[in-house]
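Spelled out, the chains give:
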Amino acid sequence: MRFTITDENKVHAWSYIQSKLKNDPFYFAHVEYYELKKIITSSFISIKQDDSLATNLDSWCKKHLNEKQLNVLRAALRKKKSRRKHASFSVELPRETYLDLKYLAAAEDMNIKDYLVMLIDIRSKEACPPSINSQNINL
């Protein structure tokens, strides 16, 4: 597999692996001996977050992670990069609210995202109070 941890994603890769080591007791299920698992974990912890982090982390991953773990790490880094580019968020709505919103958007011949943007734009123009700094108030 051609996968390399770059300077751009080194901190995210390190955080991902640290989280796995902390929260997933079966992350090294492919390693047969408990003592070896401890050595692998210790070697990860000893990786310093400096200019050579990407190189050291890349070597560590290729040595200690199996093919499936490398694929999952690569996918997680790709998703993280995509989220940073798009800077979008998701919102959880009750089903009834979602259906109402979908109906209202369709009535305006819009999708839900564009409809919400429109509503927020209208409302923010109505509700935008003048800032205290712009008022000439002597306190």
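The preceding data block contains the structure.
Since we're looking at a predicted model, the values are computed, not measured.

Visitor: What am I meant to see in the overall build of the chain here?
Guide: Along the backbone of the chain there are 6 helices and 0 strands. Counting from the amino terminus, the chain carries its helices and strands in the arrangement α-α-α-α-α-α. Across the 139 residues of the chain, 22% fall into the buried class. By sequence separation, contacts in the chain at least 24 residues apart represent 62% of the contacts at least 6 residues apart. For the chain, the exposed area adds up to about 11,200 Å²; of that, 55% sits on carbon and sulfur atoms.

Visitor: Even after reading the chapter, I still don't get the pattern of salt bridges, so can you show me in this structure?
Guide: A pair can form between side chains of opposite charge whenever their charged atoms are brought close. Counted under the stated rule, the structure contains 5 salt bridges. In this structure, the salt-bridge partner of D58 is K62, at a minimum N-O distance of 3.1 Å. One end of the pair, D58, and the other, K62, are both in helix α3 (residues 53-64), 4 residues apart, so they sit about a helical turn from each other. In this structure D58 comes out as buried when scored by relative accessible area, which is 12%. Salt-bridge contacts for E126 lead to R123; the nearest nitrogen and oxygen are separated by 3.5 Å. Within this pair, E126 and its partner R123 are both found in helix α6 (residues 112-127), separated by 3 residues, close to a single helical turn. Exposure remark for E126: the relative accessible area of 57% places this residue in the exposed category.

Visitor: Just to check I follow, could you spell out a nonpolar patch on the surface for this structure?
Guide: On the surface, V91, L93, Y98 and L99 cluster together into a nonpolar patch covering about 360 Å² of accessible area. Residue position: Y98 is located in helix α5 (residues 95-107). Judged by its relative accessible area of 35%, Y98 is partly exposed.

Visitor: What should I look at first to understand the packing of aromatic side chains in this one?
Guide: By convention here, two paired aromatic rings are described through the distance between centres and the angle between planes. Under the counting rule described, the total for this entry stands at 4 aromatic pairs. Arranged with centres 5.3 Å apart and planes meeting at 70°, the rings of Y27 and F28 form a pair that is edge-to-face. Pairing F28 with W60 gives two aromatic rings, centres 6.1 Å apart and planes at 80°, and the pair type is edge-to-face. On the criterion of sequence distance, the pair formed by F28 in the loop between α1 (10-23) and α2 (34-45) and W60 in helix α3 is long-range, its members being 32 residues apart.

Visitor: When you look at the layout of surface pockets in this model, what are you seeing that I'm missing?
Guide: One water molecule sets the probe size; rolling that probe over the atoms shows where empty space is left. Roughly 220 Å³ of internal volume is contained in the largest pocket. Looking at the largest pocket, the residues that line it are F89, S90, V91, L93, T97, Y98, L101, I112, K113 and L116. Secondary-structure elements contributing two or more residues to the lining of the largest pocket are α5 and α6. Here the residues of the lining of the largest pocket are counted per class, giving 7 nonpolar, 2 polar and 1 charged. Elements represented by at least two residues in the lining of the second largest pocket include exactly α1 and α2. Sort the elements by how many residues they give to the lining of the second largest pocket and α2 lands first, with 4 residues.

Visitor: For this particular structure, what's the right way to read the side chain of Q69?
Guide: Tracing the backbone through its elements, the reader meets Q69 in helix α4 (residues 67-86). What Q69 contacts, discounting residues up to four positions off in sequence, is Y27, H30 and H64.

Thresholds applied
Residues numbered from 1 in each chain as written. Predicted model: local features only at pLDDT ≥ 70, side-chain atom pairs only at ≥ 80, totals over all residues. Heavy atoms only, no water. Helix = DSSP H or I, 4+ residues; strand = E, 2+ residues; numbered from the N terminus. Buried < 20%, exposed > 50% of the residue type's maximum accessible area, 1.4 Å probe, protein only. Contact = heavy atoms within 4.5 Å. Areas by Shrake-Rupley, 256 points an atom, 1.4 Å probe, with all protein chains shown as cover. Salt bridge = Lys/Arg side-chain N within 4 Å of Asp/Glu carboxyl O. Patch = residues over 30% accessible without salt bridge, like charges linked within 9 Å, V, L, I, M, F, W, Y side chains within 5 Å. Phe/Tyr/Trp six-rings, centres within 6.5 Å; stacked < 30°, edge-to-face > 60°. 1 Å grid on protein atoms, 1.4 Å probe; cavity = no way out; pocket = protein on both sides within 12 Å on 5 of 7 lines; lining within 4 Å. Points joined across faces, edges and corners; volume = space filled by probe spheres on them. Nonpolar A, V, L, I, M, F, W, Y, C, P; charged D, E, K, R; others polar.

Treat this as a map of the structure, not an account of what it does.
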